[in-house]
Amino acid sequence: MQLTIRPIVVAAMLGLALSATAQAQSARQAKREQAQAASAAPLAGQTVKIAWIDPLSGLMAPVGQNQVRSFQFFAEKFSGPNKHNPAGVKWEVVPFDNKLSPAESLTALQSAIDQGIRYITQGNGSSVAGALIEAVARHNARNPGKEVIFLNHSAVDPDFTNSKCNYWHFRFDADTSMKMEALTTFIKDQPDVKKIYLLNQNYSHGHQVAKYAKELLARKRPDIQIVGEDLHPLAQVRDFAPYIAKIKASGADAVITGNWGSDLALLVKAAVEGGYNGKFFTYYAGVTGTPTALGQTSEGKVYQVSYSHYHMGGEYSQWQDEFKKRFNADFYTGSVIHIYRSLSEAMARAKSTDPVKVAKELEGLKFTSFNGEVEMRKTDHQMQQPLYLTRWQKTDAKFPYSVENTGMTFALVKEFPAYVSSTPTSCNMQRPN
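Let me sum up the structure you'll find in this document.

### Observations regarding the overall build of the protein
- Counting secondary structure elements, the protein contains 13 helices and 15 strands.
- Since a compact globule built from 433 residues should have a radius of gyration of about 22 Å, the 24 Å found for the protein is in line with a globular shape.
- Dimensions of the protein, computed from the C-alpha atoms along their principal axes, are close to 100 × 60 × 40 Å.
- Sorting the 433 residues of the protein into buried and exposed places 55% on the buried side.
- Across the protein, the fraction of contacts at a sequence separation of at least 24, relative to all contacts at a separation of at least 6, is 71%.
- About 18200 Å² of surface is accessible on the protein, with carbon and sulfur atoms providing 51% of the total.
- Charge-centre separation for the protein: the mean point of 47 positive side chains lies 4 Å from the mean point of 39 negative side chains.

If you want it as structure tokens, here you go:
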């Protein structure tokens, strides 16, 4: 009996065989790459703990909760030998609720040190960051061999990398002056902006936003009038309607604000409810709670300047989508990625997790990140990086990411290369012997 095999069956069998072979080859290649990464990672098997000191209670708790998840998400994503972790270490995040208080933060710092943690991160509130910078400097001077590095993810007071610069402090966000440089470069070309109101939180960051806004606008658009200026208590105001009434009465066609968290969400909520139709130029409109408060009535009126945006593409967008799927929240603190990448690069070069050796390698470190080439400037420990201006609008084919599930997004309007947003420093860095 002659067995006849149809050509289509042969092709199917051959396809299955080739598919199985390809899968086996792919699996072997993945194992080889993993083995190569592990062998190249000088610190594989070591665990590095990072003390996270920021609010998990109070009005600013939603921001802190989002950010601690961000740190934990990428600790999991980047742990062990991989292309984002050349050192090969395992990351562990240890959260401390500082209630947005400098005193509570100092207590948390001491607790972290007592637990043997040598790296700390904080970013919500420059008043807190200032206290931590000083405390870390004192500790390191008094305790050689037990040094601590402060990884600043979001506290943007320019003084921290100017008059108050410290060797043990590294900032991964762009500071207030850098963001205002970019923001005013855009505003100067907006002829409809003629009268501006400055509304900010009454602490160092808010003061600096107002200061740099006035200085840079006077130079770039001297015809613009500052028609009002207010400072309000940080994280205490629950009704901004009186402030919106003052802004409307001033005739301002735009507001510049460095507000963040509940202080911005409640401000824009009051603006929507009070019928204020002017523009908002902000630093943190994409942060938890504010997009929902903006809603669709604020389309085209709200701008944000930042070192990232919701449509970066590539791995960043993949991580952003995965984060949202897991937590039903938006990932917006991209400095978290910079922190892990920088630490791992520095540790790999130092072949050590010792903060003294790592700090030397962090200085002047350059690498390609999600927003292009970035550099931890040696002079003042301020990361140099591109900035982006985005505008609130409905999602579309080009900008499809829905922020806080609103059907709205921040669409890219303008990109500022690092050399445009960079600002000079007066830092006279005192390095340890």
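From this point, things continue past the structure.
### Re the pairing of strand β1 (residues 47–54)
- By the criterion of burial, β1 is predominantly enclosed, with six of the eight residues buried.
- The pairing of β1 with strand β2 (residues 90–97) spans eight bridges and is classified as parallel. Counterpart to Val48 in the pairing with β2 is Trp91.
- Chirality of the crossover, the property in question, places the unit of β1, helix α2 (residues 61–78) and β2 among those that are right-handed.
- Bridge analysis of β1 against strand β3 (residues 119–122) gives three bridges, and the strand direction is parallel. In the strand pairing of β3, Trp52 is matched with Thr121.

### Here we look at the side chain of His232
- If you trace the backbone, His232 turns up in strand β7 (residues 225–232).
- Apart from the residues lying within four places of it in its own chain, the contact partners of His232 are Leu199, Asn200, Gln201, Asn202, Val237, Phe240, Tyr243, Asn259 and Asp263.

### A few points about the state of the cysteines
- Summed over the entire model, instances satisfying the criterion amount to one disulfide.
- The partner cysteine of Cys165 in its disulfide is Cys427, sulfur to sulfur 2.1 Å. Note on the Cys165 and Cys427 pair: the S-S dihedral is about 85°, so by sign convention the disulfide is right-handed. With Cys165 in the loop between β4 (149–152) and β5 (169–171) and Cys427 in the segment after α13 (418–421), this residue pair connects regions lying 262 residues apart in the sequence. There is no split in this pair, since Cys165 and Cys427 are both buried.

### Here we look at the pattern of salt bridges
- As enumerated under the stated definition, the model contains 19 salt bridges in all.
- Across the pair Glu181 and Lys220 runs a salt bridge, and its minimum N-O distance is 2.8 Å. Highlighted residues: Glu181 in helix α5 (residues 176–187) and Lys220 in helix α6 (residues 204–220), separated in sequence by 39 residues. Like Lys220, Glu181 is buried.
- Linked by salt bridges that have partners in common, Glu76, Lys77, Glu322 and Arg326 make up one network.

### Observations concerning the sheet that holds strand β12 (residues 372–376)
- Taken in spatial order, the three strands line up as β11-β12-β13 in an open sheet, and their pairing is antiparallel. A strand with exactly one partner marks an edge of an open sheet, and here the two such strands are β11 (366–369) and β13 (383–384).
- Sheet topology note: the β11/β12 ladder contains four bridges and is antiparallel. Across the sheet, Phe367 pairs through a bridge with Val374, a residue of β12.
- Of the strands in this sheet, β11, β12 and β13 touch helix α11 (residues 335–350), which is tilted by about 140° from β11.

### What to know about the environment of Lys220
- Residue Lys220 is classed as buried on the basis of its relative accessible area of 17%.
- Sequence separation of Lys220 and His205 is 15 residues, and the distance between their C-alpha atoms is 22 Å.
- Ignoring anything within four residues of it in the chain, the contact list for Lys220 reads Glu181, Thr184, Thr185 and Lys188.
- Among the polar contacts listed, one links the side chain of Lys220 to the side chain of Glu181, at a separation of 2.8 Å.
- Only 2.9 Å separates the side chain of Lys220 from the side chain of Thr184, close enough to count as a polar contact.

### As for the packing of aromatic side chains
- Applying the stated criterion across every chain yields a total of 23 aromatic pairs.
- On the basis of an interplanar angle of 90° and a centroid distance of 6.2 Å, the ring pair of Phe78 and Tyr340 is categorised as edge-to-face. Taken together, the residues Phe78 in helix α2 and Tyr340 in helix α11 connect sequence positions 262 residues apart. An identical accessibility class is assigned to Phe78 and Tyr340; each is buried.
- An angle of 50° between the planes, with centres 4.8 Å apart, marks the rings of Trp392 and Phe410 as tilted. Here Phe410 lies in strand β15 (residues 408–416) and Trp392 lies in strand β14 (residues 387–394), a separation of 18 residues in the sequence. Residues Trp392 and Phe410 agree in their burial class; the two are buried.
- Among the aromatic residues, ring-to-ring pairing joins Phe71, Phe73, Phe74, Phe78, Trp91, Tyr316, Trp319, Phe323, Phe327, Phe331, Tyr340 and Phe370 into one connected group.

Rules of the game
Residues numbered from 1 in each chain as written. Predicted model: local features only at pLDDT ≥ 70, side-chain atom pairs only at ≥ 80, totals over all residues. Heavy atoms only, no water. Helix = DSSP H or I, 4+ residues; strand = E, 2+ residues; numbered from the N terminus. Rg over C-alpha atoms; globule rule 2.2 N^0.38 Å. Buried < 20%, exposed > 50% of the residue type's maximum accessible area, 1.4 Å probe, protein only. Contact = heavy atoms within 4.5 Å. Areas by Shrake-Rupley, 256 points an atom, 1.4 Å probe, with all protein chains shown as cover. Lys, Arg positive; Asp, Glu negative; His and termini not counted. Charge placed at Lys NZ, Arg CZ, Asp CG, Glu CD. Pairing = 2+ DSSP bridges. Right-handed = clockwise from strand over helix to strand, strands pointing away. Disulfide = S-S within 2.5 Å. Salt bridge = Lys/Arg side-chain N within 4 Å of Asp/Glu carboxyl O. Axes fitted to C-alpha atoms, helices over the stretch in contact; angles between N-to-C directions. Polar contact = N/O pair within 3.5 Å; in protein donor to acceptor, adjacent residues only side chain to side chain. Phe/Tyr/Trp six-rings, centres within 6.5 Å; stacked < 30°, edge-to-face > 60°.

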